[in-house]
Amino acid sequence: MTKKINIAIAGHTNTGKTTLIRTLMKTSIGEVDDSPNVTKKGQAYYFDGLQANFIDTPGFQYASVLMMYLDALNENPNFKMPQNWQPKLVYDQDAVEALEKSDVVLYVASLSVVPDDSYKEEINIILRKCQKVVAVLNQYRKQLEASEKSAVKKRIDQWESVFKEQGIERIVLFDAHWDSPVKLNQLYHNILEILDSEQKSYFVEGLKRFEERQREIRQEACSMLASFIEDCREKAVVTISKEDFKNREKQDEAKEKLARIINGGLIEFVYYVCDLYKVAAEYPTTSKDQLLLKMQPKVHLLNRLGFAGGIAAVAGGFGAFIFGILGASLVIFTGGLGAVTAAGLAAAPIGATAGALIGSLAVFSDDGDIVTIKIEPEQMTILLIKGVSIIWGLSNNGYGRGRELSLNESKYIEERVCRIQASCTDTNWHQANKVTIIKYCEKILDLIEKEIE
Ligand SMILES: Nc1nc2c(ncn2[C@@H]2O[C@H](COP(=O)(O)OP(=O)(O)OP(=O)(O)O)[C@@H](O)[C@H]2O)c(=O)[nH]1
Ligand SMILES: [Mg+2]
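Residue positions are given per chain, counting from 1 as you read along its sequence in written order. Here the convention is simple: chains get letters from A, ligands get numbers from 1, in the order in which they are written. Only residues with pLDDT of at least 70 are given local features in this predicted model, and only at 80 or more are side-chain atom pairs given and counted; all residues enter the totals for whole chains, interfaces and linings. The basis for the side-chain values is all heavy atoms of the structure; hydrogens and waters are excluded.

What is the right way to look at the packing of aromatic side chains in this model?
The description of an aromatic ring pair rests on the distance of the ring centres and on the angle between the ring planes. Centre distance within 6.5 Å is the pairing criterion for rings of Phe, Tyr and Trp, where only the six-membered ring of Trp is used; planes under 30 degrees apart are then read as stacked, over 60 as edge-to-face, and the remainder as tilted. On inspection of all chains with the given rule, the structure shows 11 aromatic pairs. Ring geometry for Trp178 against Trp392: centres 5.9 Å apart, planes inclined by 35 degrees, an arrangement best described as tilted. Of this pair, Trp178 sits in the loop between strand S6 (171-173) and helix H7 (181-194) while Trp392 sits in helix H18 (residues 377-396), and the two are 214 residues apart along the sequence. Trp392 matches Trp178 in its accessibility class, with the two residues each being buried. Among the aromatic side chains, those forming a connected cluster through ring pairs are Phe47, Phe54, Tyr188 and Phe210. It is Lys4 that lies over the ring of Tyr46; its NZ or CZ is 5.0 Å from the centre. In this analysis the charged atom, NZ for Lys or CZ for Arg, is taken to sit over a ring once it is within 6 Å of the ring centre and within 35 degrees of the ring normal. Against the face of Trp178 rests Arg141, its NZ or CZ located 4.0 Å from the ring centre. The helix and strand labels rest on DSSP assignments: H or I over at least four residues marks a helix, E over at least two residues marks a strand, and numbering proceeds from the N terminus. Partly exposed describes any residue whose relative accessible area lies between the buried limit of under 20% and the exposed limit of over 50%, with all areas from a 1.4 Å probe on protein chains only and scaled to the type maximum.

Given below as structure tokens:
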């Protein structure tokens with residue numbers, strides 16, 4: 001039997017413990033809400049992807065009472081809990097029981113609160129049960145959005161000094177609404193390093209497979225994007241006679257035909273890449289090649305639902321993000337994706353992206369009577385940026401945060417990709433072959449990951 005590491009997720013109530021597990025497992029386990037003691041019982045979730053158990057625990061609320069109780073028990077094992085303590089300690093005691101089954105604890109603290117003595121007490125209690133503790137300073141991005149960077153830094157310092165006081169050296173800044181691969185790997189490596197040698201030997205295997213798979217899936221996503229870009233370069237060509245080209249209506253018709261070809265390819269890429277990440281989350285240990293077999297036969301579904309409907313069908317929690325990147329008109333349609341039917345979406349104006357390109361297509365007219373219309377390299381850059389933004393969003397955004405992603409957030413991601421892409425001037429990817437385009441996309445994604453602390 002494979003041995004598993006038990007990772008307990010503990011901390012004050014409402015700090016994001018359950019959300020964190022959702023994000024780590026890419027699935028909607030447990031209950032999440034912005035109120036205290038939403039999780040009522042310790043519960044272990046086996047995560048195939050890492051071959052580890054995540055144990056969700058109820059949040060602490062009355063650490064000082066619990067501390068008094070544990071101290072009293074220590075002195076006298078027959079100590080009877082006073083009646084007025086009992087209702088307070090229901091959840092706290094359950095958390096302690098869950099801790100007793102764990103090999104390592106992720107202590108989740110929220111950066112939105114100032115650490116007072118009650119937090120010190122709960123950390124103290126945790127350390128009595130398990131000395132291997134990695135601190136997660138959660139809600140980092142939320143705080144960065146809500147406060148000045150200097151104020152967030154000050155808050156981090158406050159927490160760090162509490163942890164150091166308690167002898168906890170391993171601290172990871174995180175935001176459970178996002179699952180940046182770099183952050184995840186940092187978190188898992190902290191867990192790995194804190195384990196003793198026997199536990200390390202089996203956790204390291206699971207972790208290696210997990211990272212390798214992450215890389216493979218991302219590479220596959222970049223390969224899908226590269227195919228789309230190659231197709232645009234080679235196949236997105238429309239010809240029209242010189243005579244017809246002089247006719248405004250016919251010229252517009254030809255341009256629209258080209259826009260439709262590009263749009264179709266873009267939508268197909270989005271559909272396909274969404275399905276890849278969806279299937280990857282559903283089967284967290286299945287190899288990439290097997291995943292490709294599990295994906296939906298795309299042509300069939302696309303025909304049945306219409307392009308946008310097809311995406312809605314597979315995109316699930318990513319939907320709002322995808323449409324945020326693809327075009328504002330769709331965001332309006334998909335404000336609450338869950339309620340929008342596929343049929344409704346199919347009627348939505350999906351041409352926002354290609355439509356934006358329509359006015360700026362290259363025209364080559366030097367071939368006798370024929371005018372050729374195709375997309376210019378600069379316009380292809382727009383498609384590449386959208387594609388990379390979508391891959392980044394799919395690999396980072398999802399289960400922890402639920403369905404909502406504001407237009408601002410998706411714009412922000414796209415702007416960041418745009419900026420980084422502009423700085424990667426060492427590859428002429430417009431003319432590059434598929435492998436080089438894939439490497440180029442991976443490089444942009446690496447740089448984005450590194451840029452985000
Ligand atoms: N923006 C942001 N919100 C978060 C983050 N983590 C959790 N939340 C939100 O905070 C609220 C509480 O999250 P939960 O995961 O239920 O917290 P918990 O620690 O499990 O809470 P209890 O089980 O009640 O102790 C929810 O509204 C989450 O969406 C985060 O990193 N960033
Ligand atoms: Mg919870």
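Moving on from the coordinates now.
Quick question: what am I supposed to make of the coordination of the magnesium ion (ligand 2) here?
Reference geometry at the metal: tetrahedral coordination by four donors gives ideal angles of 109.5 degrees; octahedral coordination by six donors gives 90 or 180 degrees. Distances from the magnesium ion (ligand 2) to its protein donors, Thr18 (OG1) and Thr39 (OG1), fall at 2.0 to 2.1 Å. Pair noted here: Thr18 is in helix H1 (residues 17-25) and Thr39 is in the loop between H1 and strand S2 (43-47), with a separation of 21 residues, a long-range link. Thr39 shares its class with Thr18; the two are buried. Water is not among the atoms examined, so metal sites may look incomplete; donors are the N, O and S atoms within 2.8 Å of the metal, or within 3.2 Å for Na, K and Ca.

Looking at this model, I keep getting lost on the packing of H7 against helix H8 (residues 197-234). Mind explaining?
The relative placement of two packed helices comes down to the angle between their axes together with the axis-to-axis distance. The N-to-C vectors of H7 and H8 enclose an angle of 170 degrees; their axes lie 10 Å apart at closest approach. Accordingly, the angle class assigned to the pair H7 and H8 is roughly antiparallel. Across the interface between the two elements, Pro181, Leu184, Asn185, Tyr188, His189, Ile191, Leu192 and Glu193 of H7 pack against Lys200, Phe203, Val204, Leu207, Phe210, Glu211 and Gln214 of H8. Partitioning the contact of H7 with H8 into residue classes produces 9 nonpolar, 3 polar and 3 charged. To obtain an axis, a line is fitted to C-alpha atoms, over the contacting stretch when the element is a helix, and the angle between two such axes runs from 0 to 180 degrees between their N-to-C directions. Roughly parallel refers to an angle under 35 degrees, roughly antiparallel to one over 145, roughly perpendicular to one between 65 and 115, and oblique to any angle outside these ranges. Throughout, a contact is declared for two residues whenever any of their heavy atoms are within 4.5 Å. Under the scheme applied here, ten amino acids are nonpolar (Ala, Val, Leu, Ile, Met, Phe, Trp, Tyr, Cys and Pro), four are charged (Asp, Glu, Lys and Arg), and all others, including Gly, are polar.

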